[in-house]
Structures are given as C-alpha cells and as structure tokens.
Amino acid sequence: MTLTTLNNCPAPAKLNLFLHVNGRRADGYHLLQTVFQLLDHGDTLHFALRDDTLIRRVTELAGVPQEQDLVIRAAKLLQAEVLRRTGALPRGVDIAIDKVLPMGGGLGGGSSDAATALMALNRLWQADLTREELMALGLPLGADIPFFIFGENAFAEGVGEALQPVATPDCWYVVIEPGVQVPTAAIFCAEGLTRNTEPVTIADFSRHLAEGNDAGGFGKNDLQQVACSLFKPVADAVEWLGAYGEARMTGSGACVFSAFGSQEEADAVLSNVPPVWVAWKAKALGRHPMLTML
C-alpha cells in the first residue's frame, strides 16, 4: 500500500558539547571542531501528500515566511531532485510543524526540521536517495542538516560537515532558554572571537570520557565569551546553571546546558530555575528516531 501521510515525525534538538574555532578559510567560512549530541526533545512534523504538486506549510510560524523556511526549501530541493532522476514531478505536500525549539537558540531547530522533512519525503515520494545523498542535498541549506540525517552523535570538523560517529554518555541535560535570539553572523563576525584554538582529535574526546569525566567538561565553546558579552541573559544563565555543574552555551547561542547523571538530579535543578527563563530537561539520544526510514 502506498503511503500518503506520515505523522508525528520527530525533529530532535542537538547540543554542541564543545565548539572550537580552529581557523578561517579563504571564502570566509570558519573551520570548526565539535561534538554533536542528539536529545529526546524537539519539534514534530506531519506530512500529507496533495493531489497537485504544491509544497505548502500549513502552520503559521512567526517571523518565518514560507519561502525562507528551511523545511520548504529542503522539500523543494528534493522534489526537483526526484524530477531530475525520474522525469516526473512528485505530488505536493502539506507540512504541519509542532514548534517547540526556540529560534536562535543554538539547538539546530530549523536544520533538524529540514532534515526530518528530507527523510520523511524521501519515504513518501519513494525517492530512494541514500543517507549520503540526502546529506549532500541538505548541506547547501545549512551546515547542521547533514548531521541530523547522519543520525548519530558525531565528532564534526570542517564547517561541520565532516562527521565521524562518537560514543557519548547516557545522561540527562538541563537546558535553559535565556529568552534572546543570538544571530549567528554577529557572533562569527565579532572582533573578540578566538579563531586559533588548537585542534583536538576524536581520541582526545573519547579518552576524556574514559577517565570518568563529564562530556560537558571537555574543551570549551569559543563562541560563548562573545555571546555573553553581547547578550547579558546568556551570561546570566551560564552563571546561574554553573552553580550546579559545568554550564556551557550550545552552538552560537543562546541556550545554555549542563549534564547530570540521573533524571532525579536534573529534576532537582529544574525545580530551582528562576521563572524568568524557560527551562527543560532532556535525555541524551544515541540515534535519530527517523534513521530507520533510510
């Protein structure tokens, strides 16, 4: 039987357990090293094929016009790729999004939504693209999209597209949303940004964990100092959560996280978070829930 709908498709958040800026390429892109960690908290997408070829988002998202939405752009890219391969334009689709992740939070929400759309539509349209082909298709839209399609926690290099699977601790995270949107470009263009952190290896990270250390205690986030200087709520969240453990900003901000060994520990911290912030807990995920579709 041919599928015409796919509902409750998860688009999980990610954390950058560390984020080092090692240099800058001639084209202006920064050379990075990071470990991406999937979380069991995120957006949910729903897909229903149409009788025409229109791709449409049926959910209003404040400040995100349809033509700029990574989900719509990713769907149109895949639709065009299917046309190129088969000579036939696949049916259009209505896409609904239950949006939970904040924009400008460093959690990869938009990229994760786009990756989930590519994986779901690859199934609905019976396009049969491989994981690697979908990763390559998504990369021009955003450097984080290939990671979500890769579907495993990863040590990433380059501009974030060179991925190796890495084992990460089975723990809980408390995440604070400081209530500001941090524009990525402003952070990477900042005069005070450190761009010469010495490269590390995947073995360095794994050795750190093998010695019984917290994953959040490895390395640093080179973007954090700049973000904290520009956005006081980020600095406040780092300071407050830092009283309970190693607190770090994820991505280019604004969200701040800390790792805990049990759900009970995470709950205890969560119960003390000042009401001025949105905060939540999430369990570390080992694999993307949509990976079975590939």
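See the structure shown above.
Predicted model only: the values in this text are computed from it and were never measured.

### So, the environment of leucine 137
For step 1, the next point in the chain: You can see leucine 137 is positioned in helix H3 (residues 131-138).
For step 2, the next point in the chain: C-alpha of leucine 137 to C-alpha of leucine 77: the two residues are 60 residues apart in sequence and 7.4 Å apart in space.

### A few points about helix H2 (residues 109-124)
For step 1, the next point in the chain: The first and last C-alpha atoms of H2 sit 22 Å apart over 16 residues, in line with the 22 Å expected at 1.5 Å per residue.
For step 2, the next point in the chain: Buried residues dominate H2, accounting for 14 of its 16 residues.
For step 3, the next point in the chain: Remark: glutamine 126 follows H2 within two positions and exhibits a positive phi of approximately 50°.

### Some remarks on the environment of leucine 78
For step 1, the next point in the chain: With respect to the helices and strands, the residue leucine 78 is situated in helix H1 (residues 70-86).
For step 2, the next point in the chain: For leucine 78, a relative accessible area of 0% corresponds to the buried category.
For step 3, the next point in the chain: Along the chain, leucine 78 and leucine 137 lie 59 residues apart, while their C-alpha atoms are 7.5 Å from each other.
For step 4, the next point in the chain: What leucine 78 contacts, discounting residues up to four positions off in sequence, is Leu118, Leu121, Asn122, Trp125, Leu129, Leu134 and Leu137.

### Side note on the state of the cysteines
For step 1, the next point in the chain: Scanning all chains against the criterion turns up 0 disulfides.
For step 2, the next point in the chain: With no disulfide of its own, cysteine 171 lies closest to cysteine 255 among cysteine sulfurs, the gap being 17 Å.
For step 3, the next point in the chain: The buried category is assigned to cysteine 171, whose relative accessible area is 7%.
For step 4, the next point in the chain: Given the relative accessible area of 1%, cysteine 255 is considered buried.

### Brief notes about the packing of H1 against H2
For step 1, the next point in the chain: One can describe the packing of H1 onto H2 by two numbers: an axis separation of 8 Å at closest approach and a directional angle of 30°. Overall, the two elements H1 and H2 adopt an arrangement that is roughly parallel. For the crossing formed where H1 meets H2, the hand is right-handed. Facing H1, whose interface residues are Leu70, Val71, Ala74, Ala75 and Leu78, H2 presents Gly110, Ser111, Asp113, Ala114, Ala117, Leu118, Leu121 and Asn122.
For step 2, the next point in the chain: In terms of residue class, the contact of H1 with H2 is built from 9 nonpolar, 3 polar and 1 charged.

### Looking at the pairing of strand S7 (residues 172-177)
In summary, the side chains of a regular strand alternate between the two faces of the sheet.
For step 1, the next point in the chain: The buried fraction of S7 amounts to 6 of the 6 residues, a majority that puts the element mostly inside the structure.
For step 2, the next point in the chain: Neither face of S7 is left uncovered, since the one carrying Trp172, Val174 and Ile176 and the one carrying Tyr173, Val175 and Glu177 both have all their residues buried.
For step 3, the next point in the chain: Taken together, the 5 bridges between S7 and strand S9 (residues 256-260) define a ladder with antiparallel strand orientation. Residue pairing in the sheet places valine 174 in a bridge with serine 258 of S9.

### Observations concerning the nonpolar core
For step 1, the next point in the chain: Core analysis: the largest hydrophobic core is formed by 47 residues, its most contacted members being Phe47, Leu78 and Ile95.
For step 2, the next point in the chain: Breaking this core down by element, the ones donating at least two residues are strand S1 (5-24), strand S2 (30-49), H1, strand S4 (93-98), H2, H3, helix H4 (145-150) and strand S5 (154-157).
For step 3, the next point in the chain: Element by element, the count of residues in this core is highest for H2, at 8 residues.
For step 4, the next point in the chain: In this structure, Phe231, Val238, Ala254 and Phe260 belong to the second largest nonpolar core, which totals 30 residues.

Reading the values: the criteria
- Residues numbered from 1 in each chain as written.
- Predicted model: local features only at pLDDT ≥ 70, side-chain atom pairs only at ≥ 80, totals over all residues.
- Heavy atoms only, no water.
- Helix = DSSP H or I, 4+ residues; strand = E, 2+ residues; numbered from the N terminus.
- Expected span 1.5 Å × (residues − 1).
- Buried < 20%, exposed > 50% of the residue type's maximum accessible area, 1.4 Å probe, protein only.
- Contact = heavy atoms within 4.5 Å.
- Disulfide = S-S within 2.5 Å.
- Axes fitted to C-alpha atoms, helices over the stretch in contact; angles between N-to-C directions.
- Parallel < 35°, antiparallel > 145°, perpendicular 65-115°, else oblique.
- Left-handed = near helix turned anticlockwise from the far one by under 90°.
- Nonpolar A, V, L, I, M, F, W, Y, C, P; charged D, E, K, R; others polar.
- Pairing = 2+ DSSP bridges.
- Core = buried A, V, L, I, M, F, W, Y, C linked by side-chain atoms within 4.5 Å.

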